[in-house]
Amino acid sequence: MVKHESGPAFKIADLWKEGLNREIKAEVVFGTPSKHCAGAGICMVSISSARTRIISCPCTVAWVSSTDPQWLQFRFEKSCLQQHIVDGHFSGQEFLVEEPFHVPLRLVRQLGLIAHSGQPGVYPVIEEENNWLIRIRLL
């Protein structure tokens, strides 16, 4: 007789507990989900490398990480951003998120997060020499 053991498909990686920082490459679509990418904030986050559709909304690559299970950090490389995205989303010192946005389950698990939605609010835009950082609280 063969004995089968089952377990979780993935182990949740609580890297933040160990002081480790993992960055995951993602595609971020700007806008408001209920306004079909118009408006302010983040409309969608995707970490799938296989693109099944063409996105006509403003989007860019970002590096996503977390040092706390209640927060998600986006690092946008300045060299990767088109000027209209910079003008529309990074020209001020604040980043407005008008409504919640979905965080993919795979990203939640890989970063050891406690929730799968970004919380609406006004968040500071942190400018570094080569990047812009935005930390968003999770619901």
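Counting restarts for each chain: residues are numbered from 1 in the order of the written sequence. A pLDDT threshold of at least 70 governs which residues receive local features in this predicted model, and a stricter bar of 80 or more applies before side-chain atom pairs are shown or counted, although totals over entire chains, interfaces and linings include all residues. Just so you know, side-chain values use all the structure's heavy atoms and leave hydrogens and water out.

A.B. asks: Just checking my understanding: could you explain the sheet that holds strand β1 (residues 24-30) for this structure?
C.D. replies: Adjacent strands of a sheet form backbone hydrogen bonds with each other and so pair up, either parallel or antiparallel. Pairing between two strands is assigned when DSSP locates at least 2 bridges connecting them. What counts as a helix is a DSSP run of H or I of at least four residues, what counts as a strand is a run of E of at least two, and both are numbered from the N terminus. Spatial strand order, β2-β1-β3-β4-β10-β9: six strands in an open sheet with antiparallel pairing. Two strands lie at the open edges of the sheet, namely β2 (42-46) and β9 (126-127), each paired on one side alone.

A.B. asks: What should I look at first to understand helix α1 (residues 83-90) in this one?
C.D. replies: An α-helix turns once per 3.6 residues; consequently, residues spaced three or four apart project the same way. All buried positions along α1 are accounted for by Ile 85, Val 86, His 89 and Phe 90. For α1, the angular spread of the buried residues around the axis is 100°, confining them to a single face. Opposite its buried face, α1 presents the exposed residues Gln 83 and Gly 88, each directed more than 90 degrees away. By definition in these notes, contact holds between two residues if any of their heavy atoms fall within 4.5 Å. Lining the buried residues of α1 we find β1, β3 (59-65), β4 (71-77), β5 (94-97) and β10 (131-137). Residue burial is assigned from relative accessible area. The probe radius is 1.4 Å, only protein chains are included, and a residue is buried under 20% of its type maximum, exposed over 50%, and partly exposed in between. Taking the helix axis as origin, the arc is that swept by the directions to the C-beta atoms.

A.B. asks: What should I look at first to understand the state of the cysteines in this one?
C.D. replies: Chemically, a disulfide is nothing more than a covalent bond linking the sulfur atoms of two cysteines. A pair of cysteine sulfur atoms is labelled a disulfide when the two atoms are within 2.5 Å. The full count for this structure, using the stated rule, is zero disulfides. Cys 43 carries a free sulfur, and the closest cysteine sulfur to it, the one in Cys 37, is 3.5 Å from it. Overall, the relative accessible area of 16% leaves Cys 43 in the buried class. Cys 59 takes part in no disulfide bond, and the closest cysteine sulfur, belonging to Cys 57, lies 7.8 Å away.

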